[in-house]
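# Observations on the model geometry
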Amino acid sequence: MNTSAQTAAAPGVTAPSRKGSHQAMACIMAAATMWGCIGLFNRNIAAFDISASSIVLVRNLGACVLLALFFLITDRSVFRIRLRHLPIFLATGLISILLFTLCYFKSQQVSSLAIAAILLYTAPTFVVIMSTIFFKDKFTRKKLAALVIAFLGCTFVTGIWSGGGLSISTQGLLLGLGSGFFYATYSIFGRFALQHYKPFTVTFYTFLIASIGSLFFLDTEDITTIATSPKAFLLCLGLMLFATVLPYLLYTKGLNDLGDSGKASILASVEPVVASIVGILAFGEPMNLGVVLGLVCILISVYILR
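Residues numbered from 1 in each chain as written. Predicted model: local features only at pLDDT ≥ 70, side-chain atom pairs only at ≥ 80, totals over all residues. Heavy atoms only, no water.

## Describing the pattern of salt bridges
Defined as follows: Salt bridge, as used here: a side-chain nitrogen of Lys or Arg that lies within 4 Å of a carboxyl oxygen of Asp or Glu. For helices the rule is a DSSP run of H or I covering at least 4 residues; for strands it is a run of E covering at least 2, with both sets numbered from the N terminus onward. Here's how the labels work: a residue is buried when its accessible area is under 20% of the maximum for its type, exposed when over 50%, partly exposed in between, all with a 1.4 Å probe on protein chains only.
Throughout the structure, instances matching the rule amount to three salt bridges. The closest approach of N and O atoms between Arg191 and Asp137, which form a salt bridge, is 2.7 Å. You can see Arg191 sitting in helix α9 (residues 170–194) and its partner Asp137 sitting in the loop between α7 (123–135) and α8 (141–158), a full 54 residues away along the chain. The same class applies to Arg191 as to Asp137, namely buried. Residue Asp257 is joined to Lys253 by a salt bridge in which the shortest nitrogen-to-oxygen separation is 2.5 Å. One end of the pair, Asp257, and the other, Lys253, are both in helix α12 (residues 230–258), four residues apart, so they sit about a helical turn from each other. Given the relative accessible area of 18%, Asp257 is considered buried.

Given below as structure tokens:
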């Protein structure tokens, strides 16, 4: 199926104009910016001795509840799906959200943060390859150049070129590549879902399935800590709303309007740059040449895809 056919199949969507494409790109980059701020919440929540799996549970379940309340008030048609399409949402919820998050958190525990981040941002490569296979998206020289430059920018940001002597175990390699692959699948599975449903429906059912899967990691002690600490509760609320619900709504809307999974994934590479800036401003991490070079590379890749 080609890109134009896919876009036409989405409910109420026409081929994107130049202005529409710019708006779609803005939605994707705004989403990536919000995702880049997730460490601001995660680090402070973890300070309450909350485990990574509990943070995953709170993030997914909380996002699902917020979305359900919002759509109950604004648009109940979001809840209507056909049972034959349930496998698509099982894929976006369990594979693209739950498995990605678990792999990435574990990768950070068994490898350096630099290696975990570098391997995560193999995701655009997976997306470009899969979108070429499944949607017949054109693999252009511009897209290849943007992909290479964006990945180079991510390596600058993580400091791999600073001579720190990074090493990685087999487990760390597999977990890191797994996080990149599962992260990439949202741009693919989500695009299949968008052939039948509006972006809000895709986002809601993705998190409904992810939250059900997350219940297997329920830790009552962690949940009690969150419920009895106003600061921890507010941090979790921020994680749910600002770093989860809003960016996934924006990204899914942008993906729907742009109609190009590979380009969307490359544009989202602004996330590690934002994460580095958050670390500098919020946690006093040093500003270095790598961050500056990474930012320049990401901006160049976005300009190429303009």
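## Focus on the packing of aromatic side chains
Our working definition: Working definition: rings of Phe, Tyr and Trp (its six-membered ring) pair if their centres are within 6.5 Å, and the pair is stacked with planes under 30 degrees apart, edge-to-face with planes over 60 apart, and tilted otherwise. By definition here, charges over rings are those cases where NZ of Lys or CZ of Arg is within 6 Å of the ring centre and within 35 degrees of the ring normal.
On inspection of all chains with the given rule, the structure shows 18 aromatic pairs. Seen in terms of ring centroids, Phe79 and Phe204 are 5.0 Å apart; in terms of plane orientation they differ by 75°. Their pairing is edge-to-face. Here Phe79, found in the loop between α4 (52–74) and α5 (86–110), pairs with Phe204, found in helix α10 (residues 199–214); they are 125 residues apart in sequence, far enough to count as distant. Their ring planes at 45° and their centres at 4.9 Å tell us that Phe135 and Phe192 sit as a pair that is tilted. One end of the pair, Phe135, is in helix α7; the other, Phe192, is in helix α9, and 57 residues separate them in sequence. One aromatic cluster is present, formed by Trp35, Tyr186, Phe207, Tyr248 and Tyr251 through successive ring pairs. Over the ring of Phe283 we find Arg43, and its NZ or CZ is 4.8 Å from the ring centre. The aromatic ring of Phe135 is capped on one face by Arg191, whose charged end is 4.0 Å from the ring centroid.

## Comments concerning unusual backbone geometry
Non-glycine residue Asp49 carries a positive phi angle of around 65°. Checked against the element boundaries, Asp49 lands in the loop between α3 (38–46) and α4. Although it is not a glycine, Lys136 sits at a positive phi angle of roughly 60°. Among the structural elements, Lys136 can be located in the loop between α7 and α8.

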